[in-house]
Amino acid sequence: EVRTLCPPSGREAVAAVFGPRDRSHEWTAAGRLVVSSSSHPGGGVQATAAGSRERVQRLSERVIRVSEFVEWATHSGKPQRLSYVMLETDGGLKIITEMLADGTASWVEEPVGLQLRNSLARLVRIADCPSSGAIVGEILTWKAEMVARARAGGTRSAGSASTSERKRYAQEAFC
C-alpha cells in the first residue's frame, strides 16, 4: 500500500509505503534468522550461511562499505532500539555485528534474511571505505577488545548491556 500527499500548490509525493511483514521469520538475540516450522518444510531452522570461503581468506578481506542501522524490538516485554552495523567486503562478504542485551558482541557472516532485516530497520548512515580500509581480521580484534573494555569498566551489571552501550558499540564499529 502506498500513501501519497499532494499539497494544494504542489506535486503529489510518496509519504509512506506499507507492506505485510511475514511473521514466520524472527531474529534471535544473536542476529540469526529463525524460520518457524509453519513456513519451512523441514521444521524450525536457525541458520547462518558462511559460504565456502576459507576463514583465512575472509580475515584478509578489506571492508569497502559500512552501514549503521537501528531497529525496534521487544525485549522482556519492553520495546527497545537496537543498533547494528553491516560491513561489506571487497570479496562480497556481508557481516552483521552488534552488542547483544547480555553484553556480548555478535559477529554473523552472511546472515540468512539480511535483506528483510535491513528493510525493516532504519539506515542511520552509510560510508564507502577507501582502498586503505580496515581488514576483517583487524575488526574482529577490535570487537574482542571492545567487549573486554566494557566488562572491565564495570559500569553495567553482569550479563547486561544498556541501550546506550549497545548504540555506542555500533557507532564505534562504524568508524
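All values reported here derive from a predicted model rather than from experimental measurement. (Residues numbered from 1 in each chain as written. Predicted model: local features only at pLDDT ≥ 70, side-chain atom pairs only at ≥ 80, totals over all residues. Heavy atoms only, no water.)

J.: Explain the overall build of the protein chain to me, and be specific about the residues and the numbers.
T.: For the protein chain, the count of helices and strands is four helices and ten strands. Listing the helices and strands of the protein chain from first to last along the sequence gives β-β-β-β-β-α-β-β-β-β-α-β-α-α. Residue pairs in contact within the protein chain that sit at least 24 positions apart in sequence constitute 56% of those at least 6 positions apart. Split by element, the accessible area of the protein chain, about 10600 Å² in all, is 53% carbon and sulfur. (Helix = DSSP H or I, 4+ residues; strand = E, 2+ residues; numbered from the N terminus. Contact = heavy atoms within 4.5 Å. Areas by Shrake-Rupley, 256 points an atom, 1.4 Å probe, with all protein chains shown as cover.)

J.: Describe the pairing of strand β9 (residues 105–109), and please don't skip the residues or the numbers.
T.: Within a regular beta strand, the side chains point alternately toward one face of the sheet and then the other, so they alternate between its two faces. For β9, the tally of buried residues reaches five of five residues, placing the bulk of the element in the interior. Side chains of β9 alternate between two faces, with A105, W107 and E109 and S106 and V108 buried alike. In the sheet, strand β8 (residues 94–99) pairs with β9 via five bridges, with the strands oriented antiparallel. In the sheet register, I95 faces β9, and the bridge partner there is E109. Between the end of β8 and the start of β9, which pair antiparallel, lie five residues, with G103 showing a positive phi angle near 90 degrees. (Buried < 20%, exposed > 50% of the residue type's maximum accessible area, 1.4 Å probe, protein only. Pairing = 2+ DSSP bridges.)

J.: Outline the nonpolar core, listing residues and values.
T.: Ranked by size, the top nonpolar core spans 13 residues in total, and within it V63, V66, V85, L87, I95 and W107 carry the most contacts. Listed by contribution, the elements that provide at least two residues to this core are β6 (63–75), β7 (78–89), α3 (136–153) and α4 (163–174). With near-sequence residues (within four places) excluded, I95 lies in contact with V85, M86, L87, T89, W107, V108, E109 and V136. (Core = buried A, V, L, I, M, F, W, Y, C linked by side-chain atoms within 4.5 Å.)

J.: Describe the pattern of salt bridges, naming the residues involved and giving the relevant values.
T.: Evaluation of the coordinates by the stated rule reveals six salt bridges. In this structure, the salt-bridge partner of R65 is D128, at a minimum N-O distance of 2.8 Å. Pair noted here: R65 is in strand β6 and D128 is in strand β10 (residues 122–128), with a separation of 63 residues, a long-range link. A salt bridge links E98 to R117; its shortest N-O distance comes to 3.1 Å. In this pair, E98 sits in strand β8 while R117 sits in helix α2 (residues 114–120), placing the two residues 19 residues apart along the sequence. Several salt bridges converge on common partners, so that one network encompasses R65, E88 and D128. (Salt bridge = Lys/Arg side-chain N within 4 Å of Asp/Glu carboxyl O.)

J.: Hey, could you go over the pairing of β8 for me, with residue numbers and the actual values?
T.: In terms of residue burial, β8 counts as a mostly covered element, since five of its six residues are buried. In the sheet, β7 pairs with β8 via four bridges, with the strands oriented antiparallel. Residue pairing in the sheet places L87 in a bridge with I95 of β8. Between the end of β7 and the start of β8, which pair antiparallel, lie four residues, with G92 showing a positive phi angle near 90 degrees.

J.: Quick one: what's the story with the environment of T89, residue by residue and with numbers?
T.: Here T89 is to be found in strand β7. Since its relative accessible area comes to 3%, T89 is described here as buried. Taking the C-alpha atoms as reference points, T89 and V136, 47 residues apart in sequence, are found 8.0 Å from one another. Residues within four places of T89 in sequence aside, it is in contact with E61, R62, V63, I64, I95 and V136. There is a polar contact of 2.4 Å between the side chain of T89 and the side chain of E61. (Polar contact = N/O pair within 3.5 Å; in protein donor to acceptor, adjacent residues only side chain to side chain.)

J.: So, α4: which residues are in play, and what are the values?
T.: Since there are 3.6 residues in each turn of an α-helix, residues three or four apart along the chain are aligned in direction. With twelve residues, α4 ought to run about 16 Å at 1.5 Å a step, and its terminal C-alpha atoms sit 17 Å apart, in line with that. Regarding α4, the residues found buried are E165, R166, Y169, A170, A173 and F174. (Expected span 1.5 Å × (residues − 1).)

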